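# Coordinate inspection notes
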Amino acid sequence: MFKNPLLAPLAGALLGTAALGGAAPAAAADPITIGYVYPSPAGDVGWARELDNGRQAVEEALGDRVTSVVVENVPEGPDAARVMNQLATQGADLIMLGSFGYMNDGIKLARRYPDIDFIHASGYQLADNFANFQTRNYESAYAAGQAAGFVTESDDIGMVAAYAIPEIVGLINAFTLGARSVNPDATSRVVWLNSWFNPSKAQESARSLISQGSDVIFSIYQDTPSVVTVAEEEGVYVVNTSSDMKAYAPEHLLASMQIDWSDYFVAKVQSVIDDTFEGDAFYGGMADGAVSVESLSEDLSDEQRATVEATIAAIADASVHPFTGPIVDQSGETRVAEGETLDDAAIMSMDWLVDGVQTRLPN
Amino acid sequence: MTESLAFLLAGTLAAATPLLFAAMGEVVVEKSGVLNLGIEGMMATGAVTGFVIVAQGGAPGTALAAGALAGALLSCVFGALVLVFLAHQVAAGLAVGILGLGASVQIGKAFEGRTIAPIPRIDLGPLSELPVIGRALFGQTPMVYAALVSVLLVWWFLNRSRAGLVVRAVGESPSAADAIGYPVAWIRFAAICFGGAMAGLGGASLTLAYTPLWADGLIAGRGWIVVALVVFGAWRPGRILLGAWLFGAVSLLELTLQGIGLAIPSQLLSALPYLVTIAVLAIISRDPRRLRLDQPVSLGRTHVPRA
């Protein structure tokens, strides 16, 4: 449906400050306009919340040199194309596209408006004015997976995931590998929601997994604490992504895989102001501060905790890589040989699941 | 395995509850001859109203009543459009539905993503602990039982009460009812308000008992499922109950099957609840003579009152 809560009142402000069509490099006095497009509502927690936190960091750092226009809850497809077009024609200098599914419309728009810069989340297309950014969430997934491997008693980890895009497949794999690195009998199962936003279905999926024997739940990119509250209610451990959800599961949160875009957004916006924008791929991990593990549960023993924290430190200084061989996939094929690690390109295009995941990829 | 079965049974009854409330409201509205397609919006306004009240410290009972009231108020807009201004029912319903969805987002803006404590499930001690059926039959929230009671009440109302007969008469032939002297517009208006209130109640039960959080899009198309249930269930409360259970069961089965690891494409599984429910209901209700008896003849047609 039509959800542009902030667009209409800010359009008036835009007309006063924006150049016609594409923007020329802003002079020191002209604030640049940044359009933010989120795939879901920016609530208290979640993917869109962290994108919005990035926006706030930009406004704090750059003050009145930037004007922001935020459009939330834009579904992928024709609605997204329309919103992007609207932002472009209303004079945005930089457009932040917050979801993988905005990629095709975004790149087409970037070709039409070479003067507008774009940063796109989780995609793989690039152009001179089209950069993308991703998290190495698999790093925190591996560490959190170790914690899960320690606490699981049924050796059954349930995962609630939206779509089988490479980023999510990477998370599933890293989590499973982490769990099995400390507990070789651990296995995982996945329920695919086929929707980026359906809290009811996410809750039902969590309950279904729990009823089938999962005693640790991994909630992948759920923007509401839906799965986390169900886990707390049913008394099973839960790991979630994007934001710290300790407040929603004070007893059973095992870890939160925190994302932080502040530094990256500020740097990119500054590059637009300085006219040094590059269409590069940012792959932010623990070392860049883009990804971290928060609220590690106090139920872990001192030894277990020390192991997980050592892993985190080792990943941050690159002495350990989560995708280090030997890694065997579901069909028994060795995907990564002993001693080798997967390179970034292979991680970003991952379309296979590791041995230990019981669910197949949807065709 | 028994755990999965217990989950399926309990979950089906719980998942069907919001659908049943709204469907019972809609069946009365459609039996009176009005096609209300704005259920999604009415459920959304009911849901957000109920949620906001509990989030600010109100009692669940107040919240449910407020949710019903919110749905009823929105349906008054629809009623005015259709009965006073004689607008096209389909268009008016869709417009009011979209209005309701937008209004719910606006009202709930400050509460986006929040969670509340849900209405607790009843606990009958050993009865609730029975294997497989314990939680399904004796461990549900009160809303589940209320929904089942509402099905009985609506069935009794439509088929065994004088008032229900009048409503059905208005739906079959409003001009004949008008000629006899029944106030067709008022009867339809009352039915519309009832439908709106039930839809609001269904939405409120969703946010207060089933998924105790608010987010834009929480209703997730349930309003449309309700319309389909009423139509494919041949406007018979019993069939609609079956359809709601079937839909809920297949939806949850889809998740269970995924968890087991069967190699059925998840997209197909996602479509399965809709396909199965429509297919089963359509097959059951395929007798054309019986269908002619059940379908309100004037459904969707604007009735111009005698001058």
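Not measured: the values here are computed from a predicted model.

## Description of the overall build of chain A
- Within chain A, the secondary structure is distributed over 11 helices and 14 strands.
- Its C-alpha atoms give chain A a radius of gyration of 21 Å, near enough to 21 Å, the size a compact globule of 363 residues would have.
- Dimensions of chain A, computed from C-alpha atoms along their principal axes, come out at roughly 60 × 40 × 40 Å.
- Every one of the 363 residues in chain A was classed for burial, and the buried ones make up 55%.

## Here we look at the overall build of chain B
- Per the secondary structure count, chain B includes 13 helices and zero strands.
- Compactness check: chain B gives a C-alpha radius of gyration of 19 Å against a globular reference of 19 Å for 307 residues, within 12% of the reference.
- With respect to the three principal axes, the spread of C-alpha positions in chain B is 65 × 45 × 40 Å.
- Looking at chain B as a whole, 53% of its 307 residues qualify as buried.
- Counted over contacts in chain B with a minimum sequence separation of 6, partners at least 24 positions apart contribute 80%.

## Let's talk about the interface of chain B and chain A
- On the chain A side, the residues contacting the 32 residues of chain B number 34 residues.
- When residues of the side of chain B that touches chain A are traced back to their parent elements, those giving at least two are α1 (2-31), α4 (89-107), α11 (237-260) and α12 (266-284) of chain B.
- Its residues assigned to classes, the side of chain B that touches chain A comprises 14 nonpolar, 14 polar and four charged.

## Re helix α3 (residues 60-84) of chain B
- Between its first and last C-alpha atoms α3(B) spans 35 Å; for 25 residues at 1.5 Å apiece the expected length is 36 Å, and the two agree.
- Once α3(B) finishes, B:L86 follows within two positions and takes phi at roughly 50°, a positive value.

## Some words on the sheet that holds strand β10 (residues 253-259) of chain A
Residue and element names in this part refer to chain A.
- Read across the open sheet, the six strands follow the order β7-β6-β8-β9-β10-β12; overall the sheet is mixed. Both edges of this open sheet fall to β7 (187-192) and β12 (291-294), since each of them pairs with a single strand only. Here the average twist between neighbouring strands, direction ignored, is 15°.

## Some points on the packing of helix α7 (residues 199-211) of chain A against helix α8 (residues 226-234) of chain A
All names here are of chain A.
- The contact between α7 and α8 brings their axes to 8 Å, and the two run at 35°. The two elements α7 and α8 cross, and the hand of that crossing is right-handed. Each of P199, A202, Q203, A206, R207 and I210 in α7 lies in contact with α8, whose residues at this interface are S226, V227, V230, A231 and E234.
- Of the residues in the contact of α7 with α8, the class split is seven nonpolar, two polar and two charged.

## Section: the nonpolar core
- If you look at the biggest cluster of nonpolar residues, it comprises 207 residues, and the most contacted ones within it are A:V37, A:I95, A:A144, A:V238 and B:A23.
- It is α1(B) that provides the largest number of residues to this core, a total of 16 residues.
- When residues of this core are assigned to domains, at least three fall in each of domain 1 (7-135) and domain 2 (137-258 + 291-348) of chain A.

## Quick word on the sheet that holds strand β2 (residues 66-71) of chain A
All names here are of chain A.
- Taken in spatial order, the six strands line up as β2-β1-β3-β4-β5-β11 in an open sheet, and their pairing is parallel. Edge positions in the sheet fall to β2 and β11 (281-284), since each of these pairs with one other strand and no more. Taking the axes of each pair of neighbouring strands and ignoring which way they run, one obtains an average angle of 15° across the sheet.
- Pairing analysis gives four bridges linking strand β1 (residues 32-37) to strand β3 (residues 94-97), with the strands arranged parallel. Considered in β3, the bridge of V37 is made with L97.
- Helix α9 (residues 262-273) rests against β1, β2, β3, β4 (117-121), β5 (130-135) and β11 of the sheet, and its axis sits at about 140° to β1.

## Details of the domain arrangement of chain A
All names here are of chain A.
- Segmentation of chain A into domains returns domain 1 (7-135) and domain 2 (137-258 + 291-348).
- Sorting the residues of the side of domain 1 that touches domain 2 by element identifies α2 (47-62) and β5 as the ones contributing at least two each.
- The greatest single-element share of the side of domain 1 that touches domain 2, amounting to four residues, is contributed by α2.
- Of the residues assigned to the side of domain 1 that touches domain 2, the class counts are six nonpolar, six polar and two charged.

## What to know about the pairing of β7(A)
All names here are of chain A.
- Among the six residues in β7, five count as buried, and that is most of the element.
- Of the strand pairs in this sheet, strand β6 (residues 156-161) and β7 are connected by six bridges, and their pairing is parallel. Paired with M159 across the strands is V190, a residue of β7.

## Looking at unusual backbone geometry
- Along the chain, A:G325 connects to A:P326 via a cis peptide bond; the corresponding omega equals 5°.
- Its location among the elements puts A:P326 in the loop between α10 (302-316) and β13 (327-328).
- Positive phi is not limited to glycine here, since A:S122 has a value of about 65°.
- Within the secondary structure layout, A:S122 lies in the loop between β4 and β5.
- Classification of A:S122 by C-beta neighbours within 10 Å gives buried; the count is 23.
- Backbone geometry at B:W235 places phi at a positive 55°, although glycine is not the residue there.
- Look at B:W235 and you get buried, because 24 C-beta atoms sit within 10 Å.

About the criteria used
Residues numbered from 1 in each chain as written. Chains lettered and ligands numbered in written order. Predicted model: local features only at pLDDT ≥ 70, side-chain atom pairs only at ≥ 80, totals over all residues. Helix = DSSP H or I, 4+ residues; strand = E, 2+ residues; numbered from the N terminus. Rg over C-alpha atoms; globule rule 2.2 N^0.38 Å. Buried ≥ 20, exposed ≤ 12 C-beta atoms within 10 Å, placed from the backbone. Contact = placed C-beta atoms within 7 Å. Nonpolar A, V, L, I, M, F, W, Y, C, P; charged D, E, K, R; others polar. Expected span 1.5 Å × (residues − 1). Pairing = 2+ DSSP bridges. Axes fitted to C-alpha atoms, helices over the stretch in contact; angles between N-to-C directions. Left-handed = near helix turned anticlockwise from the far one by under 90°. Core = buried A, V, L, I, M, F, W, Y, C linked by C-beta atoms within 7 Å. Domains from an automatic or database assignment.

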